[in-house]
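# Analysis of the macromolecular model
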Amino acid sequence: MRNTEETDGFDGEASNTSMISGASSPYQPTTEPVHARNVLGGIRCDTEYLRSHFGILKIIEVALALISFICIETIMMCSPCGGIYFFEFVSCSAFVVTGVLLLIFILNLHTKVPHINWNLTDLVNTVVSTFFFLLASIVLAAVTQSGAGADVKSVEGSRKSGAEIAAVVFGFLVTAVYAANCYLAVRRWRRGEGQAGQLTSSEYMRARTASRGEVEARPEM
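A quick note: this is a predicted structure, and the numbers were derived from the prediction, not measured.

Attention now moves to the packing of aromatic side chains. Counted by the stated rule, this structure contains six aromatic pairs. Taken together, the ring pairs connect Y49, F105 and W118 into an aromatic cluster. When the ring centre of F54 is taken as reference, the NZ or CZ atom of R188 above it lies at 3.9 Å.

Okay, here's the thing in structure tokens:
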């Protein structure tokens, strides 16, 4: 009986010891999706950006670029077609790239990739879109003016001329919006570069002062 009680007591102590060691072990099984929580935690709709100047301008740019693309797509016959194809490419590219940037800024996805200078990326896209939309609108206006007299007598020719004129009008409108966005983006980029330079110099001075304090506080051997 005594051997049995000692055996039971030893088993109880062993089970208690295993429970305590298991509770204090850092390798505990968990079902918490840590990776998914870290990835999806920062994705939210930034309403402040939508109400800002850049958010409003980007929404207008995407809408006008889409309307310009739809107008140019309604033209079924063209002669010559080079200016129309160029305007179609520019409007479609601007719609896609600006729309992607708009989604990135609205959902705060740019904070997930901090090593990319998103202000400079937005500035480059705005400058390029302004230049090519202006060029495509001028080319399309010239093509429309040269072909309007020959095609205006027919019903299909008048429709084609109307679609081209609408595309030209929206093209110049979106160019003006991109130009305004470009001006604000340049100001923001310059202000950001100046602040970055000030922060870099102040951090350098702070680190230098701290290093001097450590040297002075170090006891002599």
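Moving on from the coordinates now.
Judged by side-chain polarity, L120, V124, V128, F131, F132, L135, V139 and W189 come together as a nonpolar surface patch covering roughly 630 Å² of accessible area. The element that contributes the greatest number of residues to the nonpolar patch is helix α6 (residues 118-151), accounting for seven residues.

Once that is clear, we can look at the environment of F89. Position of F89 among the secondary structure elements: in helix α5 (residues 82-106). Distance in space between the C-alpha atoms of F89 and A136 is 9.2 Å, their sequence separation being 47 residues.

Turning our attention to the nonpolar core. The tendency in soluble globular proteins is for nonpolar side chains to be buried side by side. One finds I72, F87, F133, L140 and A167 to be the most contacted residues of the largest nonpolar core, which totals 19 residues. Counting residues per element, the ones that place at least two in this core are α4 (53-73), α5, α6 and α7 (155-217). When residues of this core are assigned to their parent elements, the largest contribution, six residues, is made by α7. Setting aside its immediate chain neighbours within four residues, A167 contacts S68, C71, I72, F87 and L140.

Here we come to α4. The end-to-end C-alpha distance of α4, which contains 21 residues, comes to 30 Å, matching closely the 30 Å that a straight helix rising 1.5 Å per residue would cover. Residues of α4 that are buried: F54, G55, L57, K58, E61, V62, L64, A65, S68, C71 and I72.

Right, let's get into the pattern of salt bridges. Applying the stated criterion across every chain, the model contains two salt bridges. Among the salt bridges present, the one from D122 reaches K58, with a minimum N-O distance of 2.7 Å. A residue pair is termed long-range when its members are at least 10 positions apart, and D122 in helix α6 and K58 in helix α4 qualify at 64 residues. Taken as a pair, D122 and K58 share a single burial class, namely buried. Put simply, R188 and D122 hold a salt bridge, and the shortest N to O gap is 3.0 Å. Remark: D122 occurs in helix α6 and R188 occurs in helix α7; sequence separation between them is 66 residues. Classification of R188 by relative accessible area gives buried; the value is 16%. Residue D122 is classed as buried on the basis of its relative accessible area of 1%.

Rules used in this analysis
Residues numbered from 1 in each chain as written. Predicted model: local features only at pLDDT ≥ 70, side-chain atom pairs only at ≥ 80, totals over all residues. Heavy atoms only, no water. Phe/Tyr/Trp six-rings, centres within 6.5 Å; stacked < 30°, edge-to-face > 60°. Lys NZ or Arg CZ within 6 Å of the ring centre and 35° of its normal. Patch = residues over 30% accessible without salt bridge, like charges linked within 9 Å, V, L, I, M, F, W, Y side chains within 5 Å. Areas by Shrake-Rupley, 256 points an atom, 1.4 Å probe, with all protein chains shown as cover. Salt bridge = Lys/Arg side-chain N within 4 Å of Asp/Glu carboxyl O. Helix = DSSP H or I, 4+ residues; strand = E, 2+ residues; numbered from the N terminus. Core = buried A, V, L, I, M, F, W, Y, C linked by side-chain atoms within 4.5 Å. Buried < 20%, exposed > 50% of the residue type's maximum accessible area, 1.4 Å probe, protein only. Contact = heavy atoms within 4.5 Å. Expected span 1.5 Å × (residues − 1).

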